[in-house]
Amino acid sequence: GLKLVIIGGGSSYTPELMEGIIERQSILNTSEVVLVDIAGGKEKLHIIKELTERMVGKCGFDIKISATMDRREALAGADYVITQFRVGGLEARSSDEKIPLRYNTVGQETTGPGGFAKALRTVPVILEIAEEMEELCPDAWLINFTNPSGIVTEAVNTYSSIRCIGLCNVPINMERHLSEQLNVPADRLYCEFAGLNHLSWITKVYVDGVNKTDALFEEALFKENIMKNIPSVNGSREVVNILKLIPSPYLDYYFFEKEMVKEEQESLNNGKGTRADKVKEVEKELFELYKDPALNIKPVQLSERGGSLYSEAALSLIQSIHTNDGRIHVLNVRNNGAISDLTEDSVIETNCIVNKSGAHPVAAGKLPEAVRSLVISVKQYEKYTIQAAVNGDRAAGFKALLNHPLVHGADTAQALLEEIIEANKTYLPNF
Ligand code: NAD
Ligand code: G6P
Ligand code: MN
């Protein structure tokens, strides 16, 4: 049977993953799930272990669940390693969201300087994990959810021989939402995605094999924001009709920057706090529920988090690799020429054919011209961010922020960089 290792096993999302594992037991035949966490996550890890054991027990399956803080022991002999950890926890996320707001800049965990800070903390850890995998399970697949997912995946691809695929639940949520809006079942709908993680677009929509892209934009699509963690802004959907592209909800941070910053600052000033503060509350409630010895399923309250369809994205991907089924998934992978405007080594988010040999991006050609320069700038930001994180390189960090479309001016870039390094110094020994 398969051995799955979940790093960041104490995450409140783990029951979601477990549900996907259980649903596919007749296909995947998982025999062992190892939940890995760190000392600070010990209590959560314990609660999750007991809940997932009850979930498995309820179905009568023979899946051994264990919890450990010994990552090396866990990785030995793994078939799939799923990473979903948060270096510095929600405290660090809160700081990532708040620092940029003082510069009237978007305060968000993945988009803008907040994502930069998260990347600085996270890249060194994912590279340690990849190095251990090279020794202990060199043929295992690394399925990465850890944000910023595209950057983290590109770091592994650049510095390690481990096969790593980056995941995000936004594309599958966009597809499902479109399917509902058009009243067309998902299996009759085919969407082409192009771009980067949290910066991608549906560029073409086919219904029953017929290209309906132009006709579709006559209708008012995506009227409200579909992700729980992103505020809705006025007018955002009009952009869709002009561009004739359906943007990831994260594009609102670029297209409606001023309104987003205002909304975030207001929320902070009126005591509601940032998303991290909200998530702290939701998490507390979730873990209270998870502790209940009578609970043996994933509770509905988990849907208050942004990770809807998280498990579907991860486990259907593992299923395609394992069964060699050649199905298409929207993933973060090495470009390899699929998008001709970006270098081959850039990690992109696009449609991929998936089989035993991995995820193969489908050629997308050129990016739509209206968004081409935006994508190129953000990719340049991402590359400098990886350099900064790996080498503790301040100059690269400065160039990263200078290239980010949401950071305006060298003085702001410099001040943000110093404040971010200072706030995160316990996690950035190489700076
Ligand atoms: P969380 O705060 O619950 O963290 C998960 C666990 O990681 C915690 O139990 C924590 O103790 C542990 N952890 C921290 N540092 C660790 C380390 N060095 N090694 C192992 N474990 C460590 O976070 P969460 O809300 O469950 O999110 C987890 C991660 O998944 C985040 O990076 C988040 O951004 C990401 N995420 C990604 C997507 C996506 O679309 N790609 C969706 C949801 C969440
Ligand atoms: C979405 C994104 C994730 C992000 C999450 C945040 O699902 O795809 O990348 O991490 O939302 O959700 P949260 O509930 O933690 O704010
Ligand atoms: Mn995501």
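Structure's up top.
Residues numbered from 1 in each chain as written. Chains lettered and ligands numbered in written order. Predicted model: local features only at pLDDT ≥ 70, side-chain atom pairs only at ≥ 80, totals over all residues. Heavy atoms only, no water.

Engineer: Could you give an account of the site of ligand 1, with specific residues and numbers?
Structural biologist: Close to ligand 1 lie 25 residues, the nearest being S11, D37, R86, K118 and R305. Note that an oxygen atom of ligand 1 is positioned 2.6 Å from one of the side-chain N or O atoms of D37. Contact distances for ligand 1 include 2.9 Å between a nitrogen atom and a backbone N or O atom of L167. Taking 860 Å² as the accessible area of ligand 1 by itself, protein coverage stands at 93%. A class-by-class count of the residues in the shell around ligand 1 yields 10 nonpolar, eight polar and seven charged. (Near = heavy atom within 4 Å. Polar contact = N/O pair within 3.5 Å; in protein donor to acceptor, adjacent residues only side chain to side chain. Areas by Shrake-Rupley, 256 points an atom, 1.4 Å probe, with all protein chains shown as cover. Nonpolar A, V, L, I, M, F, W, Y, C, P; charged D, E, K, R; others polar.)

Engineer: Account for the environment of A423, naming residues and giving values.
Structural biologist: With respect to the helices and strands, A423 occurs in helix α17 (residues 410–423). Linking A423 and I99, residues 324 residues apart in sequence, is a C-alpha distance of 9.0 Å. When sequence neighbours within four positions are dropped, the list of residues in contact with A423 reads S95 and I99. (Helix = DSSP H or I, 4+ residues; strand = E, 2+ residues; numbered from the N terminus. Contact = heavy atoms within 4.5 Å.)

Engineer: A description of the pattern of salt bridges should follow, citing residues and the corresponding values.
Structural biologist: Note on pairing: side chains with opposite charge can pair once their charged atoms come close. For the coordinates displayed, the defined rule picks out 26 salt bridges. Residue R72 is joined to E135 by a salt bridge in which the shortest nitrogen-to-oxygen separation is 2.7 Å. With R72 in helix α4 (residues 71–75) and E135 in helix α6 (residues 113–136), the pair connects residues that are 63 residues apart, well separated along the chain. Classification of R72 as partly exposed rests on a relative accessible area of 37%. Exposure remark for E135: the relative accessible area of 53% places this residue in the exposed category. The salt bridge involving E382 is made with K379; its shortest N-O contact spans 2.7 Å. Of this pair, E382 and K379 both sit in helix α15 (residues 369–391), three residues apart, roughly one helical turn. The exposure class of E382 is buried, given its relative accessible area of 5%. Owing to a relative accessible area of 3%, K379 belongs among the buried residues under this scheme. One connected set of salt bridges, linked through shared partners, spans E154, D345, K379, E382 and K383. (Salt bridge = Lys/Arg side-chain N within 4 Å of Asp/Glu carboxyl O. Buried < 20%, exposed > 50% of the residue type's maximum accessible area, 1.4 Å probe, protein only.)

Engineer: Break down the site of ligand 2 for me, citing the residues and quoting the values.
Structural biologist: Neighbouring residues of ligand 2: 16 residues in total, closest R93, E109, N169, R275 and G306. Between ligand 2 and N169 there is a distance of 2.5 Å, counted from an oxygen atom to a side-chain nitrogen or oxygen. Alone, ligand 2 offers 390 Å² of accessible surface; in the complex the protein occludes 94% of this.

Engineer: So what's going on with the packing of aromatic side chains? Which residues, and what values?
Structural biologist: In total, this model carries five aromatic pairs according to the counting rule given. Measuring from ring centre to ring centre gives 3.7 Å for F145 and Y310, while their planes differ by 5°; the resulting arrangement is stacked. Taken together, the residues F145 in the loop between β5 (141–144) and α7 (149–159) and Y310 in helix α14 (residues 310–323) connect sequence positions 165 residues apart. You'll find F145 and Y310 in the same group, each marked buried. Grouped by ring-pair contacts, the aromatic residues Y13, F145 and Y310 constitute a single cluster. The ring of W141 has R163 sitting right over it, with the charged end atom 3.9 Å from the ring centre. (Phe/Tyr/Trp six-rings, centres within 6.5 Å; stacked < 30°, edge-to-face > 60°. Lys NZ or Arg CZ within 6 Å of the ring centre and 35° of its normal.)

Engineer: Pulling in residues and values, what's your account of the coordination of the manganese ion (ligand 3)?
Structural biologist: Surrounding the manganese ion (ligand 3) are the protein donor atoms C168 (SG) and H198 (NE2), which sit 2.2 to 2.4 Å from the metal. In this pair, C168 is assigned in the loop between β6 (163–166) and α8 (170–182) and H198 in the loop between β7 (189–196) and β8 (199–207), connecting sequence segments 30 residues apart. In terms of burial, C168 and H198 fall into one category: buried. (Donors = N, O, S within 2.8 Å, 3.2 Å for Na, K, Ca; no water.)

Engineer: Mind laying out empty space enclosed by the protein, listing which residues take part and the relevant values?
Structural biologist: For the coordinates displayed, the defined rule picks out one cavity of 30 Å³ or more. By volume, the largest cavity is sized at about 140 Å³. In terms of residues, the lining of the largest cavity owes the most to one element, α15, which gives three residues. Residue composition of the lining of the largest cavity, grouped by class: six nonpolar, seven polar and one charged. (1 Å grid on protein atoms, 1.4 Å probe; cavity = no way out; pocket = protein on both sides within 12 Å on 5 of 7 lines; lining within 4 Å. Points joined across faces, edges and corners; volume = space filled by probe spheres on them.)

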